[in-house]
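Close look at the chain arrangement
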Amino acid sequence: MSHKQAAPATDPYFPASGDPCYRVHRYELAVDYRPVSNRLKGTARLSAVAGRDPLREFCLDLAAGFRLGGVVVDGRDAHWTHRAGKLRIRPAKPLEPGAAFTAEVRYTGNPKPVGSQWGGLGWEELTDGALVASQPVGAPSWYPCNDRPADKASYQVAVTAPSSYTVVVGGRLIARTTRASSTTWVYEQPAPTSSYLVTVSIGRYQSVRLTGRASRFDPRRPVPQTAYVPARLLAEFGTDFGRQPQMMEFFEDVFGAYPFEEYAVVVADEELDVPVEAQGMATFGVNHLGGRRHSERLVAHELAHQWFGNSVSIADWRHIWLNEGFAKYAEWLWSEHAGGATATEHAADAYTRLARQRQDLRLDDPGRRLMFDDRLYERGGLAVHALRVALGEGAFFRMIKGWTVIHRHGVVTTDSLAAHAQQYTMLPLDGVFEAWLRNPALPPLPTGR
Ligand SMILES: [Zn+2]
C-alpha cells in the first residue's frame, strides 16, 4: 500500500470509512432504480486527485452485496477486489502524487441499509418508493464513495425510475426526460458536498412552491423553496411548514446568506423517527405533519443544518456537536423570534433536563457511542448559549455570521471555532470552551443576559 508512512488520518470514530490518500472533487452518478424489485443499477464516475504519495492502490466504500461490472481508471481497466464494504482499486499504472485521475465503477444489486448501532443507514426501500438517510456512514449503501465528511465534492446525480414516481435529489433539476415508461431526473449540486449528505427520494409526491417575500435588492431572494408531499397531506403541510419562508429570511439575517441555490423538503409517505438533513434538502416523515405545527422546531433544525453541517462541515465525526449544537440553538432562536419561549428559557429547560442525567459526555469528543445522544444536542445548544452570554449580543451575532461566511463550503473543527470566537472579545474564552466542551461535568447555567 502506498500510504504506510505518514498516513493522513482516518476518522477516529469510523477508521474503516474513507481513504485519506486522495480527494474527490466531482461525482457523476447515474442510477436506474426499480421500486417493485428494489433493483439498482449504477454507474459512478469520479474525478479525483491523488495525495502526496504515489497511489498504487486506493479504496472506495461500497456496500457488500453489489455486483461489480467493472472498474476503469483513467480509461483503463483496473484491478479490483470488493470485500467487507471496501472496493480496493489498483490502477494499471500507479498514480503520481497530486495527479488528477478519473475512476468509473459499474455496479448492480438490491440496495439495503448498512447496519449500525443506530439501525439501518443509507438507502431504504419504502412501501412505495425509496429514500436515503446516510448520516454518518450510510452513503456506500447506494454509491461508491470516499466516505469521509471532509472530502467534499460537487455532484451530478441522474436517477431513472418508472414515470409514475417523483425523484428528488438535493440540487437543481437540470433535465427530465421520459423514454417509454421511465423518466430520468438529472440534478446538479455544484456546491462542495459531503458524501453522507447526498440523498435520493423516490415516491408519489405533489410538488408545492413555498414563497417568501421578494427582495428588490437581490434577485436570488427569496431562496427558491419546493416541497414534495403526498397529495392527501397538502393542507396539513401548508400549516406545518407555513412559516418556513419566514424562517429562511430570519436565518439569512442571523446566519448570513443561504449557502445553496435552493431548498427542497420531502415528506416521505412513511413515519420517520427523526427528519434528516441533506445538501439543499431535508426529508421528513408523515408523523411530522399534523396541521398544528407541532414539529416546527424540527423544520428550523433541518433548515439550520444547511449552514451548520452542510456548508460549514466537520473535519471528522468527533466534531459532530458543531452541527447539532448550532442546529439546536437555531431552534431556540427561531422560537424566540416567532414569539415563543426565548432562547434563555429554552437554555434553562435544557439545563434542567441535562442536570438530571449522567455527566459522562465530552462534547468535543463524545465517542462514537454518544455522538447522537440527546445530551449532545442539548449541551451543544447550551455551549452556544454560553458563548452568547460570554460575548454579549452584538459580538455573538457577528461571531456566528463571521463563522458561516468565513467557513462557507469549508471544513472545521472545535479548535477552529475556539480560535474564531476569540477574535470577537478581549476576554479569554478558554474557560467557556474548557467547561462546556472538554470537561464532562455540567458547569453552572450561563446567565447574565
Ligand atoms: Zn441535526
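Residues numbered from 1 in each chain as written. Predicted model: local features only at pLDDT ≥ 70, side-chain atom pairs only at ≥ 80, totals over all residues. Heavy atoms only, no water.

1. Thoughts on helix H5 (residues 343-355)
Between the first and last C-alpha of H5 there are 18 Å, a value that for 13 residues agrees with the 18 Å anticipated at 1.5 Å per step. Among the residues making up H5, those that are buried are Ala 343, Ala 347, Ala 350, Tyr 351 and Leu 354. The arc that holds the buried residues of H5, viewed along the axis, is 105 degrees, so those residues lie on one side. Packing partners of the buried residues in H5 comprise helix H4 (321-337), helix H6 (374-391) and helix H9 (430-438). (Helix = DSSP H or I, 4+ residues; strand = E, 2+ residues; numbered from the N terminus. Expected span 1.5 Å × (residues − 1). Buried < 20%, exposed > 50% of the residue type's maximum accessible area, 1.4 Å probe, protein only. Arc of directions from axis to C-beta. Contact = heavy atoms within 4.5 Å.)

2. Notes on the nonpolar core
Soluble globular proteins: nonpolar side chains tend toward being buried together. Counting residues in each nonpolar core, the largest one holds 82 residues, and the members touching the most others are Phe 237, Phe 251, Phe 255, Trp 321, Leu 387, Leu 417 and Trp 436. With 9 residues, H4 is the single largest residue contributor to this core. Beyond its immediate sequence surroundings of up to four residues, Phe 255 is in contact with Ala 304, Trp 307, Phe 308, Ala 330, Leu 333, Ile 400, Lys 401 and Thr 404. (Core = buried A, V, L, I, M, F, W, Y, C linked by side-chain atoms within 4.5 Å.)

3. Notes on the sheet that holds strand E6 (residues 79-83)
Pairing between the strands of a sheet is mediated by backbone hydrogen bonds and can be parallel or antiparallel. In space, the 3 strands of this open sheet follow the order E3-E7-E6, with antiparallel pairing throughout. Because the sheet does not close on itself, it has two edges, and the strands there are strand E3 (58-61) and E6. Averaged over all adjacent pairs, the angle separating strand axes in this sheet is 20 degrees, with direction ignored. Note: E3 against strand E7 (residues 86-90), 4 bridges, orientation antiparallel. Looking at E7, one finds that Phe 58 is bridged to Ile 89. (Pairing = 2+ DSSP bridges. Axes fitted to C-alpha atoms, helices over the stretch in contact; angles between N-to-C directions.)

4. Quick word on the coordination of the zinc ion
All of the protein donors around the zinc ion are His 301 (NE2), His 305 (NE2) and Glu 324 (OE); their distances to the metal are 2.1 Å. Written as a sequence motif, the donor residues of the zinc ion are H-x3-H-x18-E. Comparing His 301 with His 305 shows no difference in burial state: the two are buried. (Donors = N, O, S within 2.8 Å, 3.2 Å for Na, K, Ca; no water.)

5. Some thoughts on the domain arrangement of the chain
Interface size is often expressed as the accessible area that is lost when the parts come together. Here the chain is described as being made up of domain 1 (22-202), domain 2 (206-309) and domain 3 (314-438). A separation of 23 Å is found between the C-alpha centroids of domain 2 and domain 3. Taken together, the 24 residues of domain 2 in the interface contact 20 residues of domain 3. Taking both sides of the interface into account, the surface hidden between domain 2 and domain 3 amounts to around 1,800 Å²; carbon and sulfur atoms contribute 67%. Counting the contacts that link domain 2 with domain 3 gives 1 salt bridge. Between Arg 297 and Glu 331 there is a salt bridge; the shortest N-O distance is 3.0 Å. Breaking the side of domain 2 that touches domain 3 down by element, the ones donating at least two residues are helix H2 (244-255) and helix H3 (296-304). (Domains from an automatic or database assignment. Buried area = accessible area lost by both parts, 1.4 Å probe. Salt bridge = Lys/Arg side-chain N within 4 Å of Asp/Glu carboxyl O.)

6. Digging into the packing of aromatic side chains
Here a ring pair, both rings aromatic, is described through the centre-centre distance and the interplanar angle of the planes. Throughout the structure, instances matching the rule amount to 29 aromatic pairs. Geometrically, the ring pair formed by Phe 66 and Tyr 107 is edge-to-face, given 5.3 Å between the ring centres and 90 degrees between the ring planes. A residue pair is termed long-range when its members are at least 10 positions apart, and Phe 66 in the loop between E3 and strand E4 (67-73) and Tyr 107 in strand E8 (residues 100-109) qualify at 41 residues. Across the pair, Tyr 107 and Phe 66 agree in class, each one buried. For the ring pair Phe 250 and Trp 334, a centre distance of 6.1 Å and an interplane angle of 55 degrees mean the geometry is tilted. Here Phe 250 is found in helix H2, whereas its partner Trp 334 is found in helix H4, with 84 residues between them in sequence. Each member of the pair, Phe 250 as well as Trp 334, carries the same accessibility label: buried. Taken together, the aromatic side chains of Phe 250, Phe 251, Phe 255, Tyr 258, Phe 260, Tyr 263, Trp 307, Phe 308, Trp 321, Phe 326 and Trp 334 make up a single cluster linked through ring pairs. Here Arg 204 stacks its cationic end above the ring of Tyr 165, 4.3 Å away from the centre of that ring. (Phe/Tyr/Trp six-rings, centres within 6.5 Å; stacked < 30°, edge-to-face > 60°. Lys NZ or Arg CZ within 6 Å of the ring centre and 35° of its normal.)

7. Digging into the pattern of salt bridges
What the rule picks out here adds up to 25 salt bridges. Between Asp 32 and Arg 34 there is a salt bridge, and its shortest N-O distance comes to 3.0 Å. Here Glu 57 and Arg 88 are joined by a salt bridge, their closest N and O atoms 3.5 Å apart. Pair noted here: Glu 57 is in the loop between strand E2 (39-50) and E3 and Arg 88 is in strand E7, with a separation of 31 residues, a long-range link. Looking at Arg 88, the relative accessible area reads 33%, which means it is partly exposed. Residues participating in the shared-partner salt-bridge network are Arg 26, Glu 28, Arg 45, Glu 104 and Glu 188.

8. Here we look at helix H8 (residues 414-422)
For H8, the complete set of buried residues consists of Thr 414, Leu 417, Ala 418, His 420 and Ala 421. Looking down the long axis of H8, one finds its buried residues gathered within 165 degrees of arc, a one-sided arrangement. Residues of H8 that are buried in the fold lie against H4, H6, helix H7 (393-406) and H9. Residue Thr 413 occupies the N-cap position of H8, its side-chain oxygen lying 3.3 Å from the main-chain nitrogen of Asp 415. (Polar contact = N/O pair within 3.5 Å; in protein donor to acceptor, adjacent residues only side chain to side chain.)

9. Topic: the confidence of the model for the chain
Summarising the model, the chain shows a mean pLDDT of 95, and 98% of its residues fall at 70 or more. Every residue in residues 1-7 is under pLDDT 50, and counting partners more than four places away or in other chains gives 11 contacts. (pLDDT = per-residue confidence, 0-100.)

10. Topic: the layout of surface pockets
A water-sized probe rolled over the atoms picks out the places where empty space is left. A volume near 940 Å³ is recorded for the largest pocket. For the lining of the largest pocket, the elements supplying multiple residues, two or more each, are strand E10 (129-133), strand E19 (276-278), H3, H4 and H6. The element that contributes the greatest number of residues to the lining of the largest pocket is H3, accounting for 4 residues. Considering only residue class, the lining of the largest pocket consists of 12 nonpolar, 8 polar and 13 charged. For the second largest pocket, the lining is made up of 19 residues, of which Ala 16, Ser 17, Val 114, Gly 115 and Val 137 are closest to its centre. (1 Å grid on protein atoms, 1.4 Å probe; cavity = no way out; pocket = protein on both sides within 12 Å on 5 of 7 lines; lining within 4 Å. Points joined across faces, edges and corners; volume = space filled by probe spheres on them. Nonpolar A, V, L, I, M, F, W, Y, C, P; charged D, E, K, R; others polar.)

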